[in-house]
Amino acid sequence: VQLQASGGGLVQAGGSLRLSCAASGRTFSSWGMGWFRQAPGKEREFVAAISRGGGWTRIQNSVKGRFTISRDNAKNTVYLQMNSLKPEDSAVYYCAADLRDGLGPQRYEYDYWGQGTQVTVSS
């Protein structure tokens, strides 16, 4: 399993970005997927998760109403749409695959990780 995150960049506060995570493997549609982020000097934290079929999602409270997770199983890709970005959203964002499809918020629940994409929000 290989995960390739992309779409990060520099954006002003209030702006939007859409992150993508392309996955290898023909069983993508059987995995739950998640997004985490890690700011300098901080622990990696959960952002959002989506079930294998896309029917269930879980969003961290601090980004609820601003971030949306979605997936396209035909394209083996999961997305994180980020709107109304704030400077505190600046971090490296990682996608991860959960082979048990648990929608969990803990790092240990995820089996495979992408390399991360940097998001920087200027004030």
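To be clear, the structure that these remarks concern was listed above.
## Some details on the side chain of Thr117
Thinking step 1. Mapped onto the elements of the fold, Thr117 is located in strand E11 (residues 117–122).
Thinking step 2. The exposure class of Thr117 is buried, given its relative accessible area of 9%.
Thinking step 3. If we skip the residues at most four places from it in the chain, Thr117 touches Ala5, Ser6, Gly7, Gly8, Leu19, Ala91, Val92 and Tyr93.

## Describing the sheet that holds strand E8 (residues 77–82)
Thinking step 1. Spatial ordering of the open sheet is given by E1-E3-E8-E7, a layout of four strands whose pairing is antiparallel. The open sheet terminates on both sides in strands that have one partner only, identified here as strand E1 (3–6) and strand E7 (67–72). When strand polarity is set aside, the average angle formed by the axes of neighbouring strands in this sheet is 15 degrees.
Thinking step 2. Here strand E3 (residues 17–23) pairs with E8 via six bridges, running antiparallel. Within E8, the residue paired with Ala22 across the bridge is Thr77.

## A closer look at the nonpolar core
Thinking step 1. The biggest cluster of nonpolar side chains holds 29 residues, and the ones touching the most others in it are Met33, Trp35, Leu80, Met82 and Tyr93.
Thinking step 2. When residues of this core are traced back to their parent elements, those giving at least two are E1, E3, strand E4 (32–38), strand E5 (45–50), E7, E8, strand E9 (91–98) and E11.
Thinking step 3. Grouped together as the second largest cluster of nonpolar side chains are six residues, Phe36, Phe46, Ala96 and Leu103 included.

## Things to note about the pairing of E4
Thinking step 1. Along E4, six of the seven residues are buried, which leaves the element largely enclosed by surrounding structure.
Thinking step 2. Pairing analysis gives seven bridges linking E4 to E9, with the strands arranged antiparallel. Bridging from a neighbouring strand, Trp35 pairs with Cys95 of E9.
Thinking step 3. Here E4 folds back onto E5 in antiparallel fashion, the turn holding six residues, of which Gly41 has a positive phi close to 75 degrees.

Cut-off values and rules
Residues numbered from 1 in each chain as written. Predicted model: local features only at pLDDT ≥ 70, side-chain atom pairs only at ≥ 80, totals over all residues. Heavy atoms only, no water. Helix = DSSP H or I, 4+ residues; strand = E, 2+ residues; numbered from the N terminus. Buried < 20%, exposed > 50% of the residue type's maximum accessible area, 1.4 Å probe, protein only. Contact = heavy atoms within 4.5 Å. Pairing = 2+ DSSP bridges. Axes fitted to C-alpha atoms, helices over the stretch in contact; angles between N-to-C directions. Core = buried A, V, L, I, M, F, W, Y, C linked by side-chain atoms within 4.5 Å.

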